[in-house]
Amino acid sequence: MLKPSICRYSCRLVGGDLRRIHATVSHSRSAAAAAAVRWLSLSANMKQENIVQQPLSAEQEAPALTRLENDTGIILLNRPKKLNSLTPEMGEIVGPTLQAWERSDAVKMIMIKGSGEKAFSAGGDIKGIIDKIKEGNYKEAERGFGVQYRIFHLTGTLKTPYVALLNGITMGGGVGLSAHGPFRVATESTVFAMPETGIGLFNDAGTSFMLPRLDGQLGIYLGLTGKRIKGADVFYSGVATHYVNSHRLPELEERLLSLERKDHRSVNAVLEEYSVDVDRELPNFSLGGGIRSAIDRCFKYNTVEEIVEALENEAKERQWAEETLDMLRKASPTSLKVTLELLRRGARMSLGQCIQTEFKLASQFIREREFVEGVNAVLVDRRAPKWDPPTPKDVKDDVKQKYFEKASTSSNLHLLTSSDIVQYPFSFGLPSDDQIIDALSLNYADLNTLARDRFKGKKGVLSKIRDVANRINVTAAA
């Protein structure tokens, strides 16, 4: 169980419904705790169906607001002035809420979104963690990571359909709250990035599990460089499963809430109904074609030095290679090496193992110079960080021993569930490159027929089929 400083929750399920919920709140009850307790009190009276709880006002101070409506649990990340960045107090509301909803027969679907129009969530409250580090309060800094990491793992194991509306900036912890669930809805306003190497950290939030499972070397490229991708590119990359115009989100939410059956298939059908026909209306993937081939060529190596050398020698996509080298040169060399090793390991680990490794690495990084220097330089002073060592070649070869062997002997983070996954159990996004390559070997008359019959006319799939066919030099009628 979580042991937050503001409040503790213990829940017992009887007959699949919530019958008794006990909340113990400290004498200094905050608005966050009050909001959580209000939800818990209301939940204690839940029946099996047609439960409606009045939404809390977005002007209230609670960092996360929750309500039940039409068998659906709705979470609103409520720090719009801070781009909905995640705090421990927010986690202390979201974590127990998700646990209770997952166990309740009265909750058929869960939806999570961000307050305001700028961000779903820009990540964790890194400045808050740095303040704890400056005070020498490393345990509290660790707790900040731990509260979030437990939730990221929980979202990947939920059996209740879980829909994340990624309108606006979605980075770091915002990715962790969404990437492991079955439904991730991007809009034209979505901006995705994992920029941790640029602040002296590493790809966390469970992305050591998610990024290696993107096509080819795309996830390694996104993780090491911190490259920002926007709008439909978030969908094409596989980070999002659907792409919907933002002005239709309110209508989409109402349609989802009105569903009589809220199983995964029914939810997916509605999301497809509201999805943009990207094959007809939007440009192709900006990282597709020749650039995708170059990504696979240059990022297939297991050392940062080899990746840099490949980029320096890349001839076909020279402009892209120079831009990529510039991003890597701005990143912490130590972070690059640790991140690359972490992503390679993550491809062979479960989500729970990835989360455990990330937590142990975070416990080490908060005690080292690079992370504090990176955050102060990039987020506070707005200057270029002074990395030490300054280049990947200067980083000693004991990265595996120093970080990963030490991590293997550290204490585990107590997760919120014993369930775990080795692959994502649902696949509602675009098919993988490998699935398309297998399908291209079959005797379909043309690519349109392949998209319709093999992949059920998934919106966006025709564009991806064409891209894959072009990259592997398959000739077929469009």
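These lines cover the structure that appears in this document, whether it is placed above or below. If you're wondering where the values come from, they're calculated on a predicted model, not measured in any experiment. (Residues numbered from 1 in each chain as written. Predicted model: local features only at pLDDT ≥ 70, side-chain atom pairs only at ≥ 80, totals over all residues. Heavy atoms only, no water.)

A word on the sheet that holds strand β11 (residues 229–230)
Spelled out, the test is: Pairing between strands is defined by DSSP: at least two bridges between them are needed. A run of DSSP states H or I qualifies as a helix once it reaches four residues; a run of E qualifies as a strand once it reaches two. Both are numbered from the N-terminal end.
Strands sit in the order β6-β8-β10-β11 across an open sheet of 4 strands; the sheet is mixed. At either margin of the open sheet sits one strand with a lone partner, and together these are β6 (119–121) and β11. Pairing between β6 and strand β8 (residues 169–171): 2 bridges, direction parallel. Its bridge partner lying in β8, Ala119 is registered against Ile169.

Looking at the nonpolar core
Applicable threshold: We define a nonpolar core as any set of buried Ala, Val, Leu, Ile, Met, Phe, Trp, Tyr and Cys residues linked to one another through side-chain atoms lying within 4.5 Å. A 1.4 Å probe rolled over the protein chains alone gives each residue an accessible area, and that area as a share of the maximum for its type sets the label: buried under 20%, exposed over 50%, partly exposed in between. Note on contacts: a residue pair is in contact if any heavy atoms of the two residues lie within 4.5 Å.
In this structure, Phe192, Leu287, Phe299, Leu311, Trp320 and Ile465 are the most contacted members of the largest nonpolar core, which totals 56 residues. Not counting residues within four places of it along the chain, the set of residues in contact with Trp320 comprises Tyr221, Ile291, Ala294, Ile295, Cys298, Phe299 and Leu311. Core analysis: the second largest hydrophobic core is formed by 55 residues, Ile126, Phe152, Tyr403 and Ile421 among them.

Section: helix α9 (residues 249–258)
Rules: For this quantity, the arc is that covered by the directions from the helix axis to the C-beta atoms.
Those residues of α9 lying buried are Leu249, Leu252, Glu253, Leu256 and Leu257. Looking down the long axis of α9, one finds its buried residues gathered within 135 degrees of arc, a one-sided arrangement. If you follow the buried residues of α9, they end up packed against β3 (64–69), β4 (72–77), β5 (109–114), β7 (162–166) and α10 (264–274).

Quick notes on the pairing of β4
Judged by how many residues are buried, β4 sits mostly within the fold: 6 of 6 residues are covered. Here β3 folds back onto β4 in antiparallel fashion, the turn holding 2 residues, of which Asn70 has a positive phi close to 50 degrees. Bridge count between β4 and β5: 6 bridges; the pairing is parallel. Among the inter-strand pairings, Gly73 is bridged to a residue of β5, identified as Ile110.

Topic: the packing of aromatic side chains
Put simply, the rule is: Only the six-membered ring of Trp is used, alongside the rings of Phe and Tyr, when aromatic pairs are assigned; centres must lie within 6.5 Å, and planes under 30 degrees apart are stacked while those over 60 apart are edge-to-face, with the rest tilted. Geometrically, a charge over a ring is one whose NZ (Lys) or CZ (Arg) sits within 6 Å of the ring centre while staying within 35 degrees of the ring normal.
Tallied over the entire structure, the rule returns 13 aromatic pairs. Between Phe202 and Phe365, the ring centres sit 5.2 Å apart and the planes meet at 70 degrees, which makes this aromatic pair edge-to-face. With a gap of 163 residues between them, Phe202 in the loop between β10 (191–193) and α6 (207–210) and Phe365 in helix α16 (residues 351–365) connect regions that are remote in the sequence. The pair formed by Phe202 and Phe365 is uniform in burial state, with each residue classed as buried. For the pair Phe426 and Phe428, a centre-to-centre distance of 6.0 Å together with 15 degrees between the ring planes defines the contact as stacked. The exposure class assigned to Phe426 is partly exposed, which follows from its relative accessible area of 31%. In this arrangement the basic side chain of Arg213 is found over the ring face of Phe209, its NZ or CZ atom lying 3.7 Å from the centre.

Digging into the packing of helix α15 (residues 333–346) against α16
Condition: Only the stretch in contact is used when a helix axis is fitted, and all axes are lines through C-alpha atoms; the angle between N-to-C directions ranges over 0 to 180 degrees. The cut-offs work like this: below 35 degrees is roughly parallel, past 145 is roughly antiparallel, 65 to 115 is roughly perpendicular, and the gaps in between are oblique. Less than a right angle of anticlockwise turn of the near helix away from the far helix marks a crossing as left-handed, whereas a clockwise turn marks it as right-handed. Amino acids are sorted into nonpolar (Ala, Val, Leu, Ile, Met, Phe, Trp, Tyr, Cys and Pro), charged (Asp, Glu, Lys and Arg) and polar (every other residue, Gly among them).
Relative orientation of the contacting elements α15 and α16 amounts to 165 degrees, with a least axis distance of 11 Å. One finds that α15 runs roughly antiparallel with respect to α16. Of the two elements, α15 crosses α16, and the hand of that crossing is right-handed. Only Cys354, Thr357, Glu358, Leu361 and Phe365 of α16 make contact with α15, whose side of the interface consists of Ser335, Val338, Leu342 and Gly346. Residues of the contact of α15 with α16, tallied by class, amount to 5 nonpolar, 3 polar and 1 charged.

Digging into the environment of Arg213
Within the element layout of this structure, Arg213 appears in the loop between α6 and α7 (218–225). As for Arg213 and Leu343, which are separated by 130 residues in sequence, their C-alpha atoms are 9.6 Å apart. Apart from residues no more than four positions distant in its own chain, Arg213 is found in contact with Gly346, Ala347, Met349, Val422, Gln423 and Tyr424.

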